[in-house]
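Observations on chain architecture
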Amino acid sequence: AQAGTTDNLIKLAQQIDEHASAREMDMLLAVGEQETIALTAMALDAIGVKAVSRTGAQAGIFTDFEHTRARITEITGGDIKKCLDEGKVVIVAGFQGVDRDGNVTTLGRGGSDLSAIALAAALKADVCPIYTDACLQPIRAS
C-alpha cells in the first residue's frame, strides 16, 4: 500500500470500534494493497505496457485462518504464468491471501515483502526485486 495508507485505515477503524473484529480488519486493510495494484496497472497501461493486477486470492496465496497475522500455507500462482506468457506485467497485492473458507486474510507488518518472496519462490523466479518507499533491493528467490 502507499505510505501511510495502512495506518490511516487502522485509525478509521478505531474511530468506529477500538475492538473491531480481526476478520473485518483484514477486509479493510487489504483495500490499501488493492488500490495500489490497480493504480499501478492503470499507469503502466497508460504508457503502453500491458499490465494486470491480481489480489492475493487471485494469485492463489492460501493461508491459515489466523486473521491479521496469517501464515501462507500454499501458493498456486493462479493465472500469473499465463498472464506473463501473454506478455503482461502482473502486479500482485502483497500482504494478503485467502483462507480455505474464502475469507481475506492479512500477513501482518512486513507481509508484502514476505508474499513477494514466497510467490517468487513458488513461480521459480530467479530474483525477486522488492520496491518500497524505503529502498530497492533485489533478493534471490531461491
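For the structure, check the block above.
In this text, all values refer to a predicted model and were calculated from it rather than measured experimentally. (Residues numbered from 1 in each chain as written. Predicted model: local features only at pLDDT ≥ 70, side-chain atom pairs only at ≥ 80, totals over all residues. Heavy atoms only, no water.)

1. Let's talk about the overall build of the chain
On a plain count of helices and strands, the chain comes out with four helices and eight strands. Listed N to C, the secondary structure of the chain is α-α-β-β-β-α-β-β-β-α-β-β in terms of helices and strands. Projected onto the principal axes, the alpha-carbon positions of the chain cover approximately 45 × 30 × 25 Å. Within the chain, the fraction of its 142 residues that count as buried is 35%. Within the chain, residue pairs in contact and separated by at least 24 positions form 55% of the contacts whose partners lie at least 6 positions apart. Carbon and sulfur atoms make up 55% of the accessible area of the chain, which amounts to about 8400 Å² in all. A gap of 7 Å separates the mean positions of the 13 positive and 19 negative side-chain charges of the chain. (Helix = DSSP H or I, 4+ residues; strand = E, 2+ residues; numbered from the N terminus. Buried < 20%, exposed > 50% of the residue type's maximum accessible area, 1.4 Å probe, protein only. Contact = heavy atoms within 4.5 Å. Areas by Shrake-Rupley, 256 points an atom, 1.4 Å probe, with all protein chains shown as cover. Lys, Arg positive; Asp, Glu negative; His and termini not counted. Charge placed at Lys NZ, Arg CZ, Asp CG, Glu CD.)

2. Notes on the pattern of salt bridges
Counted under the stated rule, the structure contains six salt bridges. Among the salt bridges present, the one from Arg-23 reaches Glu-24, with a minimum N-O distance of 2.8 Å. Residue Glu-24 is classed as partly exposed on the basis of its relative accessible area, which comes to 42%. Note that Glu-86 and Lys-82 form a salt bridge whose closest N and O atoms lie 3.1 Å from each other. Taken together, the salt bridges that share partners define one network made up of Lys-82, Glu-86 and Lys-88. (Salt bridge = Lys/Arg side-chain N within 4 Å of Asp/Glu carboxyl O.)

3. Details of unusual backbone geometry
The backbone of Thr-68 sits at a positive phi, close to 70°, despite the residue not being glycine. Taking the relative accessible area as the measure of exposure, Thr-68 reaches 31% and is therefore partly exposed. Although it is not a glycine, Lys-124 sits at a positive phi angle of roughly 60°. Topologically, Lys-124 is positioned in the loop between α4 (111-122) and β7 (127-131). Judged by relative accessible area, which is 69%, Lys-124 ranks as exposed.

4. Some thoughts on the packing of aromatic side chains
Within this structure, the stated rule accounts for zero aromatic pairs. Over the ring of Phe-62 we find Arg-100; its NZ or CZ atom is 3.8 Å from the centre of that ring. (Phe/Tyr/Trp six-rings, centres within 6.5 Å; stacked < 30°, edge-to-face > 60°. Lys NZ or Arg CZ within 6 Å of the ring centre and 35° of its normal.)

5. Let's talk about the environment of Asp-79
Position of Asp-79 relative to the elements: it lies in the loop between β3 (72-75) and α3 (80-85). Among the residues examined, Asp-79 registers a relative accessible area of 27% and is labelled partly exposed. C-alpha of Asp-79 to C-alpha of Arg-54: the two residues are 25 residues apart in sequence and 9.2 Å apart in space.

6. Description of the packing of helix α1 (residues 5-16) against helix α2 (residues 22-46)
Any two packed helices are characterised by how steeply their axes cross, that is the angle between the axes, and by the distance between the axes. Look at α1 against α2: their axes get within 9 Å of each other, and the N-to-C directions meet at 150°. Overall, the two elements α1 and α2 adopt an arrangement that is roughly antiparallel. Viewed along their axes, α1 and α2 form a crossing whose handedness is right-handed. From α1, Thr-5, Thr-6, Leu-9, Ile-10 and Ala-13 reach across to α2, where they touch Met-25, Leu-28, Leu-29, Gly-32 and Glu-35. Looking at the contact of α1 with α2 residue by residue, the classes come out as six nonpolar, three polar and one charged. (Axes fitted to C-alpha atoms, helices over the stretch in contact; angles between N-to-C directions. Parallel < 35°, antiparallel > 145°, perpendicular 65-115°, else oblique. Left-handed = near helix turned anticlockwise from the far one by under 90°. Nonpolar A, V, L, I, M, F, W, Y, C, P; charged D, E, K, R; others polar.)

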